[in-house]
Amino acid sequence: MCGLCGFTGEIIDRDQVLENMTEVITHRGPDSVGYYKDEHISMGFRRLSIIDLDSGHQPIYNEDQSLVLMFNGEIYNYQELRKELSERGHTFRTNTDSEVLVHGFEEWQEKLLDRLRGMFGFAVYNKKDGSVFIARDFFGIKPMHYAVIDNELVYASEIKSILEFPKYQKKLNRKALDNYLSFQYVVPPETFFEGIYCLLPGHYLWYRDGKVTTTRYFEAVFTPDEHLKASDAVDRIEQVFENSVNAHKISDVEVGCFLSSGVDSSYVSTYFADQKTFTVGFDFGERYNEISWAENLSKEIGVEHHTHLIGSEEFWSAVPKVQYHMDQPLADPSCIALYFVCRLASQYVKVVLSGEGADELFGGYTVYNEPHVFRFYQAILPQKLRYALARWAKKWPHVKGRGYILRGARKTEDKFIGNAFMYDDAEKKLLLKDSSLVTRPQDLCQTFYQRVKHLDDVTKMQYLDINLWMVGDILLKADRMSMANSLELRVPFLDREVWNVARTIPTKLRIAKGTTKYAMRQAALRHLPKATAQKKKLGFPVPTRVWLRDEKYYNIVKAMFQSETAQQFFHTERLISYLDDHFNGKEDNSRKIWTIYVFLVWYNIYFGSDDKINRP
């Protein structure tokens, strides 16, 4: 894995600016550095050597050196593409997958993207016409950000690199705070930095004559085959997934695997006999510690297993460092646990495989059961009556059945904004000092729902999660936490060939008999013990709920909630009320508290009093 950055046009101390932009992302590629400069552009690159260790240095050129490429990612079908391009007359100087991209772009231009199998973010500069082409992979596994400043393009794998560009005037995008409070992440393409954007997954960008245009080249839309038999679905999943794992294991360095108690990473790990797997947990009982599960499975499948128990002090001390590497606040506490498992793995290997994407593609989240759970209730009661019952139920104490009536009252499109829903618009109006920022999170989701309005509710939810939750949370933390430890993380479920199978699986084989990921679990069952293949979805549980009822951590958060930073944005008495109610056991406000706390920690790092990045 690598990092790239660059800018067009002239600037004072250009060489030093480029060096600063490149150096700040050294963690993405500590093995070597590369630059390209001419009168029109300055390009920087950091390399983590994985394939063709000796000669794969970047920048990479085509035969006449009219095209200059810098690339972050892996192309798993590069050998087939290389053969095809050689037959078309292209001459290769290296054995790296990077060179396939520059020749492929010369041959096919944007159509190259339709031929790729892999994860990528890359930039191609054309010396002849001064244009810049930037592309991001299908699902957004690899990042890319950009800004247009005085009609010149600035781009980078991480936002912190763009912040080193002196013409960029750092300013908080206050609108981003609104959707962050609802979703627990910033919804792309917006970022927390005004004028800096995230290139969306499945999109490419052209910069020509001072203008940027972006185009979507890939969209993950489900096309269920309702006639598909369960046995055929399971066969297809097993075959394509084995093919994907084997492709993702291609490397000139050792490859390891993350291993939790869940089916996703466990399924991946079955292809790692005699190799290394990695797990972390917390010392708060089995609910927060998957190590024993993983250790038992590792013995059954014959892998060398490594573990780390995360201490409370260790976790809290890492929060600032994690939020620095994230670039933007992410209120998912599992990103910190992910940081530690990446740190553990980086001590043994350079590449790991992980299970991200299985839930979104195959229907793994527990919430996907809801349309079935409420189907009978919504069928027998008209919507107006359900709304009336819900208004009445809101006045009840937290008794059994209250939540069912509240959630069953509304359509999926009105209540589901993704796997995290922190603050609704009413709560945000009470919380934010600038209530003019407040929007309904459901309104943002309507664009996505409209695109799949012909599909069933479960599939709508999956489509929304693929475009929002997976991009803004799951893949963002996977990239940033692995790269913070100079570790390449590969995700075989998010493979184009796997997707071509997953999109055809009918809903009845995704959610069946109260079981999520039904067909995928049946495929995994052929390789795993039944207890693991059928284990209920847990996510990566982190004991924030417990810590926030401990006086030590309560006081840490309380001090932050009373700080000058908090007073800029929030009615702090409201924050303290959330915190006190949780501490005293009246409500479980842990996720809402953590969302605000993380934002404040992040803000102090990137917008501290001296207006410089306060790197932890």
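These lines cover the structure that appears in this document, whether it is placed above or below. (Residues numbered from 1 in each chain as written. Predicted model: local features only at pLDDT ≥ 70, side-chain atom pairs only at ≥ 80, totals over all residues. Heavy atoms only, no water.)

When the terminal C-alpha atoms of helix α28 (residues 572-583) are compared, their 16 Å separation across twelve residues agrees well with the 16 Å that a helix rising 1.5 Å per residue should span. Residues Thr572, Leu575, Ile576, Tyr578, Leu579 and His582 constitute the buried set of α28. All buried residues of α28 fall inside an arc of 155° around its axis, so they share one side. Buried residues belonging to α28 abut α17 (425-431), α25 (544-547), α26 (551-561), α27 (564-569) and α29 (590-606). Immediately downstream of α28, the backbone of Gly585 shows phi near 80°, a positive value. (Helix = DSSP H or I, 4+ residues; strand = E, 2+ residues; numbered from the N terminus. Expected span 1.5 Å × (residues − 1). Buried < 20%, exposed > 50% of the residue type's maximum accessible area, 1.4 Å probe, protein only. Arc of directions from axis to C-beta. Contact = heavy atoms within 4.5 Å.)

Across the interface, helix α2 (residues 78-87) lies against helix α3 (residues 97-108) with an axial gap of 10 Å and an inter-helix angle of 45°. With respect to each other, α2 and α3 are oriented oblique. You can see that α2 and α3 cross each other, and the crossing is left-handed. Between α2, through Tyr78, Leu81, Arg82, Glu84 and Leu85, and α3, the contact on the second element is made entirely by Asp97, Val100, His103, Gly104, Glu107 and Trp108. For the contact of α2 with α3, a count of residues per class yields five nonpolar, two polar and four charged. (Axes fitted to C-alpha atoms, helices over the stretch in contact; angles between N-to-C directions. Parallel < 35°, antiparallel > 145°, perpendicular 65-115°, else oblique. Left-handed = near helix turned anticlockwise from the far one by under 90°. Nonpolar A, V, L, I, M, F, W, Y, C, P; charged D, E, K, R; others polar.)

Right, let's talk about the nonpolar core for a bit. In terms of nonpolar packing, the biggest core is built from 194 residues, with Phe122, Phe139 and Phe570 touching the most fellow members. Ranked by residues supplied to this core, first place goes to α29 with twelve residues. Membership of the second largest hydrophobic core comes to 19 residues, among which are Phe45, Ala123, Met144 and Leu199. (Core = buried A, V, L, I, M, F, W, Y, C linked by side-chain atoms within 4.5 Å.)

Looking now at empty space enclosed by the protein. Within this structure, the stated rule accounts for five cavities of 30 Å³ or more. Here the largest cavity defines a volume of roughly 180 Å³. Split into classes, the residues belonging to the lining of the largest cavity amount to ten nonpolar, four polar and five charged. (1 Å grid on protein atoms, 1.4 Å probe; cavity = no way out; pocket = protein on both sides within 12 Å on 5 of 7 lines; lining within 4 Å. Points joined across faces, edges and corners; volume = space filled by probe spheres on them.)

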